[in-house]
Amino acid sequence: MSIVSSSLSTARGSRDAMQAMQWRLLQPRPRLASPNPPPGAVKSRISILAAQDHLPLLRRAAHDAKFRFVCLTHKLGAPMAQNLLDPAQIAGERIEDVRTYYSLPTGPVKKRHTRAAQERLQGRVSMEKSPPKSPMFHAKALYWDNDDVVVTSFNWGSQSATDDNPLDEIGLHVHGKGLAERLNSALVHRIDRDRDQR
């Protein structure tokens, strides 16, 4: 029960929250799956990730990836090496296509720290900053090989997670034939387009 409950600061806050939940529960529920899938639909398996599930999954993906490992994070903060860059480097020692994308350094991390990280990775991992004025890398995602994609609120490069607050960040791990390949194609197309417009 503790995983779906949290304390509220005031009695009024509790009442307002309960009213909002009551209203939401009374709304018609959308179907998660269509009985008649549209053309091109991919049969997929979806798993929900609590906050503390993210980093173990990223490490497992870096270890298991056979030819592609790509992670998008909005921020690079103090935990960037242990959270993201160390696993990416491990993947980069085995496979060629290992990429990380980010929007901005945060907290104690400065541009010089990201330059030092790039030098340490010795070209095994591509670290790319999002183009100026591009909102695209506010997204937080992970995908590897052809079939596995994670979309999440978790900043892989700047956040830590504990068992104390499992709902602090939530993600979806989607496994389906060709999903990561589709996302990769869309991402590369978008990056190329933004570069051309600079």
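The structure we're discussing is the one just above.
Residues numbered from 1 in each chain as written. Predicted model: local features only at pLDDT ≥ 70, side-chain atom pairs only at ≥ 80, totals over all residues. Heavy atoms only, no water.

K.L.:
So what exactly am I meant to see when it comes to unusual backbone geometry here?
P.N.:
What is expected of a backbone is that most residues other than glycine have negative phi and most peptide bonds are trans. Phi angles above zero are rare outside glycine, and Gln122 is one such case at about 50 degrees. Secondary-structure assignment places Gln122 in the loop between helix 4 (111-121) and strand 4 (126-129). Judged by relative accessible area, Gln122 falls into the exposed class, the value being 59%. Non-glycine residue Asp145 carries a positive phi angle of around 50 degrees. Tracing the chain through its elements places Asp145 in the loop between strand 5 (140-144) and strand 6 (148-152). (Helix = DSSP H or I, 4+ residues; strand = E, 2+ residues; numbered from the N terminus. Buried < 20%, exposed > 50% of the residue type's maximum accessible area, 1.4 Å probe, protein only.)

K.L.:
Where do I start with the packing of helix 2 (residues 54-64) against helix 3 (residues 80-92) in this structure?
P.N.:
Relative orientation and spacing of two packed helices are given, respectively, by the angle between their axes and the distance between those axes. Across the interface, helix 2 lies against helix 3 with an axial gap of 8 Å and an inter-helix angle of 15 degrees. Comparing the axis directions of helix 2 and helix 3 gives the class roughly parallel. As helix 2 packs across helix 3, the resulting crossing turns out to be right-handed. Facing Leu55, Leu58, Arg59 and Ala62 of helix 2, the residues of helix 3 in contact are Gln82, Asn83, Leu84, Pro87 and Ala91. Along the lines of polarity and charge, the residues of the contact of helix 2 with helix 3 split into six nonpolar, two polar and one charged. (Axes fitted to C-alpha atoms, helices over the stretch in contact; angles between N-to-C directions. Parallel < 35°, antiparallel > 145°, perpendicular 65-115°, else oblique. Left-handed = near helix turned anticlockwise from the far one by under 90°. Contact = heavy atoms within 4.5 Å. Nonpolar A, V, L, I, M, F, W, Y, C, P; charged D, E, K, R; others polar.)

K.L.:
Can you walk me through helix 3 in this structure?
P.N.:
Helical periodicity: at 3.6 residues per turn, an α-helix aligns residues three or four positions apart in one direction. Maximum bend of helix 3: about 25 degrees, positioned at Asp86, with proline Pro87 one to four residues after it. Within helix 3, the full set of buried residues consists of Met80, Asn83, Leu84, Leu85, Pro87, Ala88, Gln89, Ala91 and Gly92. The secondary structure elements touched by the buried residues of helix 3 are helix 2, strand 2 (68-76), strand 3 (97-105), helix 4 and strand 4. (Bend = angle between axes of the 7 residues up to and from the residue.)

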